Amino acid sequence: MDETTGQGAEAPHRRLAAVLREQILSGRIEPDRPLPSEESLQREHGLGPEDVRRAIRLLSDEGLVYTLPGQGAFVSSRAEETGGG
């Protein structure tokens, strides 16, 4: 537990997944639109490549994004069904 905030430390990939999830579900990133590139997410959030990949994998497991090899990750149309769009 973090003594200064009273909260437990959350894994970096889970924090990133939460940020992206909120953007998806609020409709800021629309279905079939790409997520920012892995490199962009690494720079913006100060994370390594594995944390970014784990965050995207987590969202993929939830059905919120899908990946296309060589093209990146995209918001799934399922995001509309769960409150996005």
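Residues numbered from 1 in each chain as written. Predicted model: local features only at pLDDT ≥ 70, side-chain atom pairs only at ≥ 80, totals over all residues. Heavy atoms only, no water.

Of all hydrophobic cores here, the largest spans 16 residues; its most connected members are Leu16, Ile24, Leu35, Ile56, Leu59 and Val65. Listed by contribution, the elements that provide at least two residues to this core are helix H1 (12-25), helix H3 (49-61) and strand E2 (72-75). For isoleucine 56, the contacting residues outside a window of four places in its chain are Leu35, Glu38, Leu41, Val65, Thr67 and Ala73. (Core = buried A, V, L, I, M, F, W, Y, C linked by side-chain atoms within 4.5 Å. Buried < 20%, exposed > 50% of the residue type's maximum accessible area, 1.4 Å probe, protein only. Helix = DSSP H or I, 4+ residues; strand = E, 2+ residues; numbered from the N terminus. Contact = heavy atoms within 4.5 Å.)

On to the side chain of serine 76. Inspection of the secondary structure puts serine 76 in the loop between E2 and helix H4 (78-81). Those residues in contact with serine 76 that sit more than four places away from it in its chain are Pro31, Gly63, Leu64, Val65 and Tyr66.

Once that is clear, we can look at the pattern of salt bridges. Under the defined criterion, the tally for this structure stands at four salt bridges. Arginine 28 is paired through a salt bridge with glutamate 22; the nearest N and O atoms lie 2.1 Å apart. In this structure arginine 28 comes out as exposed when scored by relative accessible area, which is 57%. Overall, the relative accessible area of 40% leaves glutamate 22 in the partly exposed class. Across the salt bridge formed by arginine 53 and glutamate 38, the nearest N and O atoms sit 3.2 Å from each other. One end of the pair, arginine 53, is in helix H3; the other, glutamate 38, is in helix H2 (residues 38-45), and 15 residues separate them in sequence. (Salt bridge = Lys/Arg side-chain N within 4 Å of Asp/Glu carboxyl O.)

Further remarks concern the pairing of strand E1 (residues 65-68). The sheet contact formed by E1 and E2 spans four bridges and is antiparallel. Among the inter-strand pairings, leucine 68 is bridged to a residue of E2, identified as glycine 72. Linking two consecutive strands that pair antiparallel, namely E1 and E2, is a turn of three residues; a positive phi of about 80° is found at glycine 70 within it. (Pairing = 2+ DSSP bridges.)

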